[in-house]
Amino acid sequence: MAGKVKLTVACGDYEIVRALKEGVVEPDGLELVILTDMGPRERHWRMARKAEFDVCEANVGAYFMERDQGAPLTAIPVFLHRRFRHGFLFVNAAAGIRTPKDLIGRQVGGTNFQPASNIWMRGILQDEYGLPHRQVTWVVERSEDVAFTPPKDLRIEMIAPGKKLDLMLAEGEIPAMLSPDLPRLFRAGDKRIVRLFPDYKDLELAYFRRTGIFPIMHVTTIKQEIVDKFPWVPTNLTKAFEAAKAIAYRRIANPRVVPLAWVRTALEEQEEMLGRDPWAYGLTPANRKNLETVLRYTFEQGMISKMLPLDALFADTDLGDAGGSDGI
């Protein structure tokens, strides 16, 4: 490893990074210490508050906020986590909530205001379903990763100490909740909590077909001092993530690897619906639309002061024609 640049990389324990973590893929000129044991909350907090890692998978909206506030970071166009969000709006079964507009003037829980999942769903609810996010009181149970002062017309309330949003939802104290993951009581089978969109998969597929967006939740940030000192690092790191993802795709195509009876069927269905590389990296036209949409949502929801161009937010890792076969 002599002469290589050593970087700490904090990210999720994903199949698409396995080959990097296990050393099957070795980035040119880099020695990576990959840290995957943290949950997203801890990882985002430690990077946003303490800048503990050289490279970090981060909430896309929080990254935009940090850049808006002058943090010495940039990002590479590697998007390790995407997820459709229609299936993560939960309501109290007895609250009489039938459409998103029924939530106008009501309280909606949401862990905290900044999760990328909640940024996306608030934007989708406003754009697609006519629920203005400033006509809702957003009830949260924890502090934000990135400090910010909400606009005066944005209503955010912290619940009382000791309370839990999923219990408040089940007991009817709040009528609805946006959640990054499935609420604890919902997973336990509590029938008082139901999805507002029980046909969420159909809605998500229709949304994708209409917009081309498979929502990007996280970007991969890198300290600006590293880019300034070693300007070749972003491209080499992006190439390594791409190589690891390619190995993951080949691995999951083997039905002996994943313990799911119809894994091959699921893979074929995904390719038919979303294409051969749903986790595409780079600032492709589709990814630009994706990122411009969540950047607009972050701005409209009062978390950033201005809309920066994407090329100012991401390192240039486009190889252009240099990425093709060697000339003669």
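Everything discussed here concerns the structure shown above.
One numbering rule holds for all chains: residues counted from 1, following each sequence as written. It should be noted that, the model being predicted, local features are given only for residues of pLDDT at least 70 and side-chain atom pairs only at 80 or more, the latter also being counted only at that level, while totals for whole chains, interfaces and linings use all residues. Think of the side-chain values as coming from all heavy atoms in the structure, minus any hydrogens and water.

Student: Go over the side chain of His44, please, and point to the residues and values.
Tutor: If you trace the backbone, His44 turns up in helix H2 (residues 40-50). The contact criterion used is simple: two residues touch if any of their non-hydrogen atoms lie within 4.5 Å. When sequence neighbours within four positions are dropped, the list of residues in contact with His44 reads Glu57, Ala58, Asn59, Asp145 and His218. Helix and strand labels come from DSSP, where a helix needs a run of H or I of at least four residues and a strand needs a run of E of at least two; each type is numbered from the N terminus.

Student: Any chance you could break down the sheet that holds strand S10 (residues 193-195) for me, citing the residues and the numbers?
Tutor: Paired strands, as defined in this entry, are two strands with at least two bridges between them according to DSSP. The six strands are arranged S8-S7-S6-S9-S5-S10 in an open sheet whose pairing can be described as mixed. Each edge of the sheet is formed by a strand with only one pairing partner; in this case those strands are strand S8 (155-158) and S10. Each adjacent strand pair in this sheet contributes to an overall mean axis angle of 35 degrees, direction not counted. Between N-to-C directions, angles span 0 to 180 degrees; the directions come from axes that are lines fitted to C-alpha atoms, helices contributing only their stretch in contact. Packed on one face of the sheet, helix H4 (residues 116-129) meets strand S5 (89-92), strand S7 (137-140) and strand S9 (176-178) and runs near 125 degrees to S9.

Student: Explain empty space enclosed by the protein to me, using residue names and the numbers behind them.
Tutor: If a probe the size of a water molecule is rolled over the atoms, the empty space left behind becomes visible. A cavity here means a set of 1 Å grid points, computed over protein atoms only, where a 1.4 Å probe fits but cannot escape. A pocket is an open set with protein on both sides within 12 Å along at least 5 of 7 lines, and lining residues have an atom within 4 Å of a point. Grid points are joined across faces, edges and corners, and a volume is the space filled by probe spheres set on the points. Counting across every chain of the model gives three cavities of 30 Å³ or more. Each pocket or cavity is described by its volume, and for the largest cavity that value is around 50 Å³. For the largest cavity, the full set of lining residues is His44, Met47, Ala48, Ala58, Asn59, Ala62 and Glu66. Among the elements of the structure, H2, strand S3 (55-59) and helix H3 (60-68) are those that each provide at least two residues to the lining of the largest cavity. By residue number, the principal contributor to the lining of the largest cavity is H2, which donates three residues. Put simply, Ala, Val, Leu, Ile, Met, Phe, Trp, Tyr, Cys and Pro go in the nonpolar bin, Asp, Glu, Lys and Arg in the charged bin, and everything else, Gly too, in the polar bin. For the lining of the largest cavity, the per-class residue count stands at four nonpolar, two polar and one charged. Empty space within the second largest cavity amounts to approximately 40 Å³. Every residue along the wall of the second largest cavity is listed here: Phe64, Asp68, Leu295, Ile304, Lys306, Leu308 and Leu313.

Student: So what's going on with the packing of H3 against helix H11 (residues 285-300)? Which residues, and what values?
Tutor: Where H3 contacts H11, the two axes come as close as 10 Å, and the packing angle between them is 65 degrees. Crossing handedness for the pair H3 and H11: right-handed. Residue-level contacts link Val60, Gly61, Phe64 and Met65 of H3 to Leu291, Val294, Leu295 and Thr298 of H11. Should the near helix be turned anticlockwise from the far one by less than a right angle, the crossing is left-handed, and should it be turned clockwise, the crossing is right-handed.

Student: If you had to explain the sheet that holds strand S2 (residues 30-35) to someone new, which residues and values would you point to?
Tutor: Overall, mixed pairing links the five strands, which are arranged S2-S1-S3-S11-S4 in an open sheet. Strands at the two margins of the open sheet, each flanked by one partner only, are S2 and strand S4 (73-76). On average, each strand axis in the sheet is inclined to that of its neighbour by 35 degrees, with strand direction left out of account. When S4 meets strand S11 (residues 218-223), the two strands line up antiparallel, connected through four bridges. Looking at the pairing, Ala75 lines up with Thr221 of S11.

Student: Outline the side chain of Thr36, supporting the account with residue identities and numerical values.
Tutor: Relative to the assigned elements, Thr36 resides in the loop between S2 and H2. Each residue is assigned to one of three classes by its accessible area relative to the maximum for its type, calculated with a 1.4 Å probe on protein chains only: buried under 20%, partly exposed between the two thresholds, exposed over 50%. What makes Thr36 buried here is its relative accessible area of 10%. Between N or O atoms, a polar contact is any pair within 3.5 Å; within protein, one atom must be a potential hydrogen donor and the other a potential acceptor, and residues adjacent in sequence are included only when both atoms are from side chains. A distance of 2.7 Å separates a polar atom in the side chain of Thr36 from a polar atom in the side chain of Lys21. With near-sequence residues (within four places) excluded, Thr36 lies in contact with Cys11, Gly12, Asp13 and Lys21.

Student: So, the layout of surface pockets: which residues are in play, and what are the values?
Tutor: For the largest pocket, the calculated volume is near 900 Å³. Every residue lining the largest pocket is counted, 28 residues in all, and those nearest its centre are Phe84, Phe214, Gln270, Leu274 and Trp279. Counting residues per element, the ones that place at least two in the lining of the largest pocket are helix H7 (200-211), helix H9 (233-252) and helix H10 (263-274). No other element matches the seven residues that H10 contributes to the lining of the largest pocket. In terms of residue class, the lining of the largest pocket is built from 20 nonpolar, two polar and six charged. Empty space within the second largest pocket amounts to approximately 620 Å³.

Everything listed is a geometric property; what it means functionally is a separate question.
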